Amino acid sequence: MLDALIERIRAAYENDSPLIIQGGGSKGFYGNADEGEVLSTRGLTGIVDYQSKELVLTARAGTPLADIEALLAEHDQMLAFEPPHFSPSPQPFPSRGEGARDALRAPKPIDATLGGSIAAGLSGPRRPYAGAARDFVLGVRIIDGRGQPLRFGGQVIKNVAGYDVSRLMVGALGTLGLITEVSLKVLPRPAEELALQFELDEATAIVKMNEWAGQPLPLSATSWHAGVLSVRLSGAAPAVRAAHTKLGGEVLKDGTAFWQRLRDHATPFFDRQPLWRLAVKSTTPPLGLGEAQWIEWGGALRWLASEHPAGMLRAAARAAGGHATLFRGEVSSPHSFPRAGAGAGANVMPDAINDGVFTPLPPAMRAVHRALKLRFDPRGILNRGRLYPDF
Amino acid sequence: MIHPAFISRLRGVLPAHAVLVDREDVVPFESDGLSAYRNVPDVVVLPENEAQVVAVLQLCHAEKVAVVARGAGTGLAAGALPVDGAVLLVLAKLNRIKAIDPLARTAVVEPGVRNLAISEAAAPHNLYYAPDPSSQIACSIGGNVAENSGGVHCLKYGLTVHNILKLRAWTVDGQLLEIGSEALDAPGYDLLALLTGSEGMLAVITEITVKLLPRPERAQVVLAAFDDVAKAGAAVGNIIAAGVVPAGLEMMDRLAIQAAEAFVHAGYPDCEALLLCEIDGVNEEVSADIYTVHEVLEASGAIEIRSAESEEQRLKFWAGRKAAFPAVGRLAPDYYCMDGTIPRAQLPHVLKRIGEMSEAFGLAVANVFHAGDGNLHPLILYDANQPGALEKAETFGGKILELCVEVGGTITGEHGVGLEKIKQMCAQFATPELTRFHEVKAAFDPDKLLNPGKAVPELHRCAEWGAMHVHGGQLPHPELPRF
């Protein structure tokens, strides 16, 4: 299977024909439209190595997350970044949107794969308290845009030999290489988890989430939506009980399901489009950009179902120290928001760059991105345009 | 040698006292923490603000003069070793803590701020900066980012890369890269990870936004003695398998224990291996975990287990471990500290092999081990005054690192490659990966002006050194000529 993938990429490089890398297809909606033939990693499955005592798991890219999580659960361990599945099997994934891209991304999604999760770099509710996908990646094997297999990092927790190319792959959406194998740090599952709810207005909830995160409390997730602050506590049973006593609140009976639905966007709120993801400084006061909002990550993540112009949302996110991503929905028409780095003259910036899902990069950052892309994928055959429309 | 006209131009963009060329002024910068490697710099500049840093970079770029960035100079891999004909750019005077935001739990600091100074400044808010390299009293945060520094609490709290949010970094041609954000992620590639641990090869950092954590409510340490190193190693895995993630999990072998005991009288038992397991966090969590750790240690065959009953006793337990390096330093005129990381299960095998090599080389080794994260610090004892002794220690050390690679580990867990371990990079990586590293550098610094010759070996050098690691009968660089 690996050899076949290498051959396929080498041929694509020779013929200058772009490829769309696809795992489970659960995140086909995410990113800009790309072009090319589908290259599936679904045959590249299997957990290569798992040493629970080492807290390290290595698996091939096409391995379903569900398989990995099931094996970890047998050993009371977990992927602490809580990667979203977006298509929890066995429920069928509702088809979203229309257009050529969806048609290309057949077959229909089954479950998120490890490779896709790392390439997308998305993390779930536990992220601010346990770390992001990139924080747990120890090593990767990739095939670059010339069909060259490469191995970076390793299977040990501390490793500073060479540049951290492994983490560079996380969130690169496959534009720097096809991930074929990933080694991850895993963590013990908490003995007990408890979800609490508080009726609070948005401004108060944001302050509370930040205040509590500054105290030694066993927080593992926070959410605010429609006037309700939800908090998850994780740890040894006595620690969870003590924190409950300290914080008060109403116990949410089906807490596990609540956080899983939030992780997977399996509630009607997340069906709305366009759905924007604003990553901001956690203490940012209410953005005042509409009622249709879901806050996560201690205030650092604000989901907005909003028809506001992209430029307005990007400006709001920038003012709040962060950035805005059009998570689900059609990309806006060209020129709908100001060009980043406008006036930086010499840097040619095609209009298309402004028309994207992700916040445009300033010219110097863009130059570094393009230079890196050129080194890993000189002919731009891997997920062309998925991250930024111009590469 | 740097042209005097260039020195004048440096003086044009910096205050007079910030440009050092006289021998007595520049000699103190001839090495970093690895003093076996020395090279007197041609010129040292000590800019006092970001604008001066950028001016120096632009000047160097225009004249194609190389730049070696240096923080506090506590590095242990000769990463900040001066390079002939290069400007040594010392960032120690950029030492302001610009802001602390207690509610958001962040601090904005300049690169010359000392690691410990961040925690001290955050202490009134009951917050601290988690990574704590043993040099934290002196090392600078800029150097920590350059090396992706760790410390004894990495298993639970991560390395530098896990504890920073944002960088202001400058390419050598004076372009600003704002990397990361005040949010928990940023658009585009994860350049924050790429720059962390890049050893001054890609860009020069002038500002860092770090995460602060609430100080744990309680910390408690358990000490366990073993009559067998393998049993101690197995106990480490058993603790983790029991679902406990200790804040610190340290191991010392007999020679290290004896040296520490003789030095600080920590009251350590007489044994083959000693484990120190620290649990921190919420009070109830600590109690529950300490109970578990006790049970696991007993079941793992510890011959003696002690829990620190007071803060005083906890500090005493740690005193021996924290003094281990200077304590070992009393056993011989010099020691050479290695920094390999191995999968923990390989520990008994690796210690046995190190013991065999120790006999073969005729050099004693004390082993200090960040057992929780597999980071091994063998300290090779030697006497630099004996002709050839340093070379012998280096050869021995190189063999230990190659052994680490052989068992699935790495040549450096937290100290960095610098110049010291550049040969072993040839054993760790094959040609395509090394080539890609050079290409990554070229994406930032095509003229190779930043810290040239460090961190990633030129391919032809790998062949010249003969630092080849044979793995499965295959040389890693079969296409290169050998002599």
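Residues numbered from 1 in each chain as written. Chains lettered and ligands numbered in written order. Predicted model: local features only at pLDDT ≥ 70, side-chain atom pairs only at ≥ 80, totals over all residues. Heavy atoms only, no water.

### Some words on the overall build of chain B
- Secondary structure summary: chain B contains 17 helices and 18 strands in total.
- Scaling as 2.2 N^0.38, a compact globule of 483 residues should have a C-alpha radius of gyration of about 23 Å, and chain B matches this with 23 Å.
- The dimensions of chain B, computed from C-alpha atoms along their principal axes, are 70 × 60 × 45 Å.
- If you take every contact in chain B between residues at least 6 apart in sequence, the share linking residues at least 24 apart comes to 70%.
- Total accessible area on chain B is roughly 17,200 Å²; 52% of this is exposed by carbon and sulfur atoms.
- The distance from the centre of the 38 positive side-chain charges to the centre of the 60 negative ones in chain B is 3 Å. (Helix = DSSP H or I, 4+ residues; strand = E, 2+ residues; numbered from the N terminus. Rg over C-alpha atoms; globule rule 2.2 N^0.38 Å. Contact = heavy atoms within 4.5 Å. Areas by Shrake-Rupley, 256 points an atom, 1.4 Å probe, with all protein chains shown as cover. Lys, Arg positive; Asp, Glu negative; His and termini not counted. Charge placed at Lys NZ, Arg CZ, Asp CG, Glu CD.)

### Describing the domain arrangement of chain A
All names here are of chain A.
- Looking at chain A, the domain boundaries give domain 1 (2–188) and domain 2 (192–264).
- If you average the C-alpha positions of domain 1 and of domain 2, the two centres end up 30 Å apart.
- Domain 1 puts 11 residues into the contact, and the matching count from domain 2 is 10 residues.
- Counting each side, the surface lost to burial between domain 1 and domain 2 is near 920 Å², with a carbon and sulfur contribution of 52%.
- The interface formed by domain 1 and domain 2 holds two salt bridges in total.
- Between E193 and R126 there is a salt bridge whose closest N-O contact spans 3.0 Å.
- Applying the counting rule to domain 1 against domain 2 returns five residue pairs in polar contact (both at pLDDT 80 or more).
- Of the residues belonging to the side of domain 1 that touches domain 2, the class tally is six nonpolar, two polar and three charged. (Domains from an automatic or database assignment. Buried area = accessible area lost by both parts, 1.4 Å probe. Salt bridge = Lys/Arg side-chain N within 4 Å of Asp/Glu carboxyl O. Polar contact = N/O pair within 3.5 Å; in protein donor to acceptor, adjacent residues only side chain to side chain. Nonpolar A, V, L, I, M, F, W, Y, C, P; charged D, E, K, R; others polar.)

### Some thoughts on the pairing of strand β4 (residues 87–90) of chain B
Residues and elements named next belong to chain B.
- The alternating pattern of β4 places V87 and L89 on one face and L88 and V90 on the opposite face, and all of these are buried.
- Direction of pairing for strand β2 (residues 43–45) relative to β4: parallel, over a ladder of three bridges. Looking across to β4, one finds that V43 is bridged to V87.
- Pairing analysis gives four bridges linking strand β3 (residues 67–70) to β4, with the strands arranged parallel. Counterpart to R70 in the pairing with β4 is V90. (Buried < 20%, exposed > 50% of the residue type's maximum accessible area, 1.4 Å probe, protein only. Pairing = 2+ DSSP bridges.)

### A word on the confidence of the model for chain A
All names here are of chain A.
- Looking at chain A as a whole, the pLDDT averages 90, with 88% of positions reaching at least 70.
- Every residue in residues 88–106 scores below 50 in pLDDT, and together they form 30 contacts with partners more than four places removed in sequence or on other chains.
- Counting contacts from residues 333–353, a segment whose pLDDT is below 50, to residues more than four positions away or on other chains yields 36 contacts. (pLDDT = per-residue confidence, 0-100.)

### Things to note about the nonpolar core
- In terms of nonpolar packing, the biggest core is built from 180 residues, with L191, M251, L297 and F444 of chain B touching the most fellow members.
- Non-local contacts of L191 of chain B, meaning those with residues more than four positions away in its chain, are made with L168, M365, V368, H369 and L372 of chain A together with I179 and F444 of chain B. (Core = buried A, V, L, I, M, F, W, Y, C linked by side-chain atoms within 4.5 Å.)

### A word on the state of the cysteines
Residue and element names in this part refer to chain B.
- Across all of its chains, the model carries one disulfide over all chains by this definition.
- Disulfide pairing places C426 opposite C462 at an S-S distance of 2.0 Å. Its S-S torsion of approximately -80 degrees makes the covalent link between C426 and C462 left-handed. Pair noted here: C426 is in helix α15 (residues 425–428) and C462 is in helix α17 (residues 459–465), with a separation of 36 residues, a long-range link. Considered together, C426 and C462 belong to a single accessibility category, that of buried residues.
- Residue C139 stays outside any disulfide, its sulfur separated by 12 Å from that of C154, the closest cysteine.
- When its relative accessible area of 2% is taken as the criterion, C139 is described as buried.
- Not engaged in a disulfide, the cysteine C277 finds its nearest cysteine sulfur in C154; these two sulfurs lie 15 Å apart. (Disulfide = S-S within 2.5 Å.)

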